[in-house]
Amino acid sequence: MKLNILYLLYKSKTNSKGKCPIRCRVTFNKLRKEFSTGLFTNPDHWNSKQQLVKPPEPDAELINTQLSLIKTKINRAFLMLQVKENSFTVDDIYSLYKGKKTQKEYNVVEYFESHLNKLKTLVGIDIKQVTWNKFNYIKKDVKSFVKWKFKTNDYPLKKLELQFLHDFEYYLKVEKKQKQITINKSLQRFRRVVRAAVAENYLDKDPFTLYKTKTVRTEVVFLSSEELELLEQHKFTQNRLQFVKDLFVFCCYTGLPYRELMDLKHSNIVKGFDGNLWIKMKREKTSKELSIPLLPKALEILEKYSNNESYVFPRISNQRYNSYLKEIAAMIGIEKRLTTHMARRTFASTVLLYNDVPMEIVSELLGHSNMKTTQDSYGKVVQKKISLEMNRLKGG
């Protein structure tokens, strides 16, 4: 925290009276800030070692007083910034000396935590607690990366550049053993925080501008109509497996995610404009209203659990549910990994798209926030359907 103040003459700018300007150079943390004092003197009357103007300079006493005053004001600004206990630069010292308000210099993790504190006040209003938690996980990863890479607890936000992002991606991949799709999500959330820093002028430019995430091609895996029928017809002697099978099949005909499946109440089953029963509820992830007509297979299962109280289905944790599904797949001979999300994909693909339901209706029934999400996920399913139809025509 050493500050150095040095006065020097700008001899190349000597005026017609033989006097040259006195400049002030402030050095802090190996960085300099030089500015004009507005004072002039004859170069022959300047004592560089003592940093004073000496006689016979006519205004020597006045000039020396002014130089002393400038030095005092710079030291005072330096002291005030030290008292605040925030990181600062030589430019901040100069700005405070000139009477300007200095902007706080954030570090990466420090700003991330500040941003999280703001988001915390919006939990239950604009965002879900689970969303805030996801951002908090990324903050922890950023913090551990800074410790790993720079051997320090934090890193100056102003120094955040493209290389930081590449190194962070490498760290998540090699040290944290994360898959590319998870890394992409992490960087997507980190980018939102960085953009907020740019918007608040704590960061001059967005390092993500030139950053490109690696594309991950994921195949949509779902049950074929034959596999779904095989599952439906199998009767389990163990109640727990039969119950989980019922849940899975119900999701295959409604597309409900796990959270909405567990939150489904009898009050969410209403008679629609067409006289048929519909599921009417809000999807937690997107806050979008779900309106799903109940198909006959779903109605059969619903009737089976009509005696339950408030919720349609008994409670079961997602972990246990997926564990039992793994057991069911092994017993029936389905080699695909059964999950809650596969049931949702089966609804979109085998039940809807393979029966010529338009993509926009599929998007609406799944409760996606926009059509692009549906197209990105199920575009290949449509292509496969077209291919099957074309082969059928050729065969005919």
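Presented here is a report on the structure given in the accompanying data block. Each residue is numbered by its place in its chain's sequence as written, counting from 1. Confidence filtering applies because this is a predicted model: local features only for residues at pLDDT of at least 70, side-chain atom pairs given and counted only at 80 or more, and all residues used for totals across whole chains, interfaces and linings. Side-chain numbers here rest on the full set of heavy atoms in the structure, without hydrogens or water.

Digging into the overall build of the protein
Okay, step 1: Note on conventions: DSSP H or I runs of at least 4 residues are helices, E runs of at least 2 residues are strands, and numbering of each starts at the N terminus. Of the regular secondary structure elements, the protein holds 14 helices and eight strands.
Okay, step 2: For the protein, the C-alpha atoms occupy an extent of roughly 110 × 55 × 40 Å along the three principal directions.
Okay, step 3: Expressed as a percentage of the 396 residues in the protein, the buried residues total 43%.
Okay, step 4: By element, 50% of the accessible surface of the protein is carried by carbon and sulfur atoms, the whole surface being about 23700 Å².
Okay, step 5: All tallies of charge rest on Lys and Arg as positive and Asp and Glu as negative; His and the ends of each chain are not included. Each charge is placed at NZ for Lys, CZ for Arg, CG for Asp and CD for Glu. Considering the protein, the positive charge centre built from 71 side chains and the negative charge centre built from 42 side chains are found 6 Å apart. We call a residue buried when its accessible area falls under 20% of the maximum for its residue type, exposed when it is over 50%, and partly exposed in between, using a 1.4 Å probe and counting protein chains only. Here the open area of atoms and residues is found with the Shrake-Rupley method and a 1.4 Å probe, where only the protein chains shown may cover a residue.

Some remarks on the layout of surface pockets
Regions of empty space are outlined by a rolling probe, equal in size to a water molecule, passed over the atoms.
Okay, step 1: Computed from the structure, the second largest pocket encloses a volume of approximately 330 Å³.
Okay, step 2: Using a 1 Å grid laid over the protein atoms alone, points where a 1.4 Å probe fits but cannot get out form a cavity; open sets with protein on both sides within 12 Å along at least 5 of 7 lines form a pocket; any residue with an atom within 4 Å of a point counts as lining. Asn-29, Phe-88, Thr-89, Pro-156 and Lys-159 are, among the 14 residues lining the second largest pocket, the residues nearest its centre.
Okay, step 3: Note on residue classes: Ala, Val, Leu, Ile, Met, Phe, Trp, Tyr, Cys and Pro are nonpolar, Asp, Glu, Lys and Arg are charged, and everything else, Gly too, is polar. Grouping the amino acids of the lining of the second largest pocket by side-chain chemistry returns seven nonpolar, four polar and three charged. Grid points are joined across faces, edges and corners, and a volume is the space filled by probe spheres set on the points.

Thoughts on the sheet that holds strand S2 (residues 20-28)
Okay, step 1: DSSP bridges decide pairing: two strands pair if at least two such bridges lie between them. A sheet is described by the order of its strands in space; here three strands give the open sequence S1-S2-S3, paired in antiparallel fashion. The sheet is open, and its two edges are formed by strand S1 (3-9) and strand S3 (31-41), each paired on a single side. Neighbour-to-neighbour, the strand axes of the sheet open up by a mean angle of 20°, direction not taken into account.
Okay, step 2: Sheet analysis places S2 next to S3, joined by nine bridges and oriented antiparallel. A fitted line through C-alpha atoms represents every axis, and for helices the fit uses only the stretch in contact; the resulting angles, taken between N-to-C directions, go from 0 to 180 degrees.

The values are spatial; any link to function lies outside them.
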